[in-house]
Amino acid sequence: MHRLFVALSLPELVADGLSQLQSGVDGARWRPVEAFHLTLQFIGDVDRHGLEEAASAVAGVTAPSFSLTLKGCGYFGGQKPQSLWAGVEANPALDHLQAKIETALRRYAITLENRKFAPHVTLAYVRAVSQESAERYCAGHGLFRLGPFPVRAFHLYESYLGGEGAHYEIVETIPLDP
């Protein structure tokens, strides 16, 4: 089985900037810089045929390149925080690209979760961190802003789960129009 998702990679300078946010929360499992990405569409587990279908679907997506800015931070999990993340400034070009990718995958009959697109970059996974601690962290980084930076391609990734966390490899790179 192949565990797939479609995402934007981040330039090294942007990833380094995000790493500066990674402190101040006891119990956080901070993500390594090389794992930073912005997920456009999670696909999940597929067989070899599903991998080929997903690759064909995303290869047919065309969209213009654009610039992106990371802004603010937040957390998922409500009263029991599960992850800390850096946010993304509203961007119609990003939303357009995500919608085209989702449509292309559905046309190939790839089953996707019905989850609203919430663009973010995961900074840490947390357990046993209080909501107050997560809110304090986010308040301290609420003015965070990084970018703009160019987005010239997106990628189909395969995720390998392991004891040290997930490892990601690019399966396919799809350039955006200049």
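Look a little higher up for the structure.
Everything quoted here is computed from the prediction, not taken from an experiment.

Participant: Got a minute to help me understand the overall build of the protein chain in this structure?
Facilitator: For the protein chain, the helix and strand inventory stands at 4 helices and 9 strands. Put simply, the protein chain runs from its N terminus to its C terminus through helices and strands in the order β-α-β-β-α-β-β-α-β-α-β-β-β. Taken over the C-alpha trace, the protein chain has a radius of gyration of 16 Å; the compact-globule value for 178 residues is 16 Å, and the two agree within 12%. Projected onto its principal axes, the C-alpha positions of the protein chain cover 45 × 35 × 25 Å. For the protein chain, the proportion of its 178 residues judged to be buried stands at 44%.

Participant: Can you help me understand the sheet that holds strand β4 (residues 66–76) in this one?
Facilitator: Sheets are built from strands paired through backbone hydrogen bonds, the pairs being either parallel or antiparallel. Taken in spatial order, the 5 strands line up as β2-β6-β5-β4-β7 in an open sheet, and their pairing is antiparallel. A strand with exactly one partner marks an edge of an open sheet, and here the two such strands are β2 (28–30) and β7 (145–151). Here the strands of the sheet are splayed against their neighbours by 35 degrees on average, with no regard to which way each runs. Pairing analysis gives 5 bridges linking β4 to strand β5 (residues 83–88), with the strands arranged antiparallel.

Participant: It is not clear to me how the packing of helix α2 (residues 48–59) against helix α3 (residues 92–107) should be interpreted in this structure. Could you clarify?
Facilitator: The packing of two helices is summarised by the inter-axis angle and the distance between the axes. It is at 8 Å that the axes of α2 and α3 come closest, and there the two elements cross at 135 degrees. In terms of orientation, α2 lies oblique with respect to α3. With respect to the hand of their crossing, α2 and α3 are arranged in right-handed fashion. Residue-level inspection shows A54, A57 and V58 of α2 in contact with α3, the latter providing I101, A104 and L105. Classifying every residue of the contact of α2 with α3 gives 6 nonpolar, no polar and no charged.

Participant: I keep staring at the environment of V121 and nothing clicks. Help me out?
Facilitator: The topology assignment puts V121 in strand β6 (residues 120–126). Take V121: its relative accessible area is 0%, and that puts it in the buried class. Those residues in contact with V121 that lie beyond four places of it in its chain are L10, L18, F36, H37, L38, L70, L84, W85 and A86.

Participant: Just to check I follow, could you spell out the pairing of β4 for this structure?
Facilitator: The side chains of a regular strand alternate between the sheet's two faces. Counting buried residues along β4, 8 of its 11 residues qualify, which places the element largely inside the surrounding structure. Across 5 bridges, the pairing between β4 and β7 is antiparallel. Bridge pairing in β7 places L70 opposite L146.

Participant: What is the right way to look at the nonpolar core in this model?
Facilitator: As a rule of thumb, soluble globular proteins bury nonpolar side chains together. Counting 53 residues, the largest nonpolar core has L18, L40, I43, L97, L105 and F154 as the members making the most contacts within it. Not counting the four nearest positions on each side in its chain, F154 is found in contact with V6, A7, L8, L40, V58, V61, L97, I101, E172, T173, I174 and L176. Judged by nonpolar contacts, the second largest core, of 5 residues, contains F5, A7, A35 and Y157.

Participant: Before we go on, may I ask you to explain unusual backbone geometry in this structure?
Facilitator: Leaving glycine aside, a negative phi is the common case for residues, and trans is the common case for peptide bonds. In the segment running from G147 into P148, the intervening peptide bond is cis, with an omega of 10 degrees. Secondary-structure assignment places P148 in strand β7. Phi at A109 takes a positive value of approximately 60 degrees, unusual for a residue other than glycine. Assignment of secondary structure puts A109 in the loop between α3 and β6. Within the chain, A128 stands out as a residue other than glycine whose phi angle is a positive 60 degrees. Its location among the elements puts A128 in the loop between β6 and α4 (131–140). Looking at A128, the relative accessible area reads 87%, which means it is exposed.

Definitions and cut-offs
- In every chain, residue numbers begin from 1 and rise along the written sequence.
- With the structure being a predicted model, the display of local features is reserved for residues of pLDDT at least 70 and the display and counting of side-chain atom pairs for 80 or more, all residues being used for whole-chain, interface and lining totals.
- In computing side-chain values, all of the structure's heavy atoms are included and hydrogens and water are not.
- Counting from the N terminus, the helices are DSSP H or I runs at least four residues long and the strands are E runs at least two residues long.
- When we talk radius of gyration, it's over C-alpha atoms, and the globule rule is simply 2.2 Å times the number of residues to the 0.38.
- Between buried and exposed lies partly exposed: a residue is buried under 20% and exposed over 50% of the maximum accessible area for its type, with that area taken using a 1.4 Å probe on protein chains only.
- Any two strands are treated as partners once DSSP identifies two or more bridges connecting them.
- To define axes, lines are fitted to C-alpha atoms, for helices over the stretch in contact only, and angles between the resulting N-to-C directions are given on a 0 to 180 degree scale.
- When describing relative orientation, an angle under 35 degrees is termed roughly parallel and one over 145 degrees roughly antiparallel, while 65 to 115 degrees is termed roughly perpendicular and anything else oblique.
- In this scheme the handedness of a crossing depends on how the near helix is turned from the far one: anticlockwise by less than a right angle means left-handed, clockwise means right-handed.
- In what follows, residue pairs with any heavy atoms lying within 4.5 Å of each other are defined as contacts.
- The residue classification treats Ala, Val, Leu, Ile, Met, Phe, Trp, Tyr, Cys and Pro as nonpolar and Asp, Glu, Lys and Arg as charged. All others, Gly included, are polar.
- Side-chain atoms within 4.5 Å link the members of a nonpolar core, which is a set of buried Ala, Val, Leu, Ile, Met, Phe, Trp, Tyr and Cys residues.

Read these as geometric descriptors, not functional statements.
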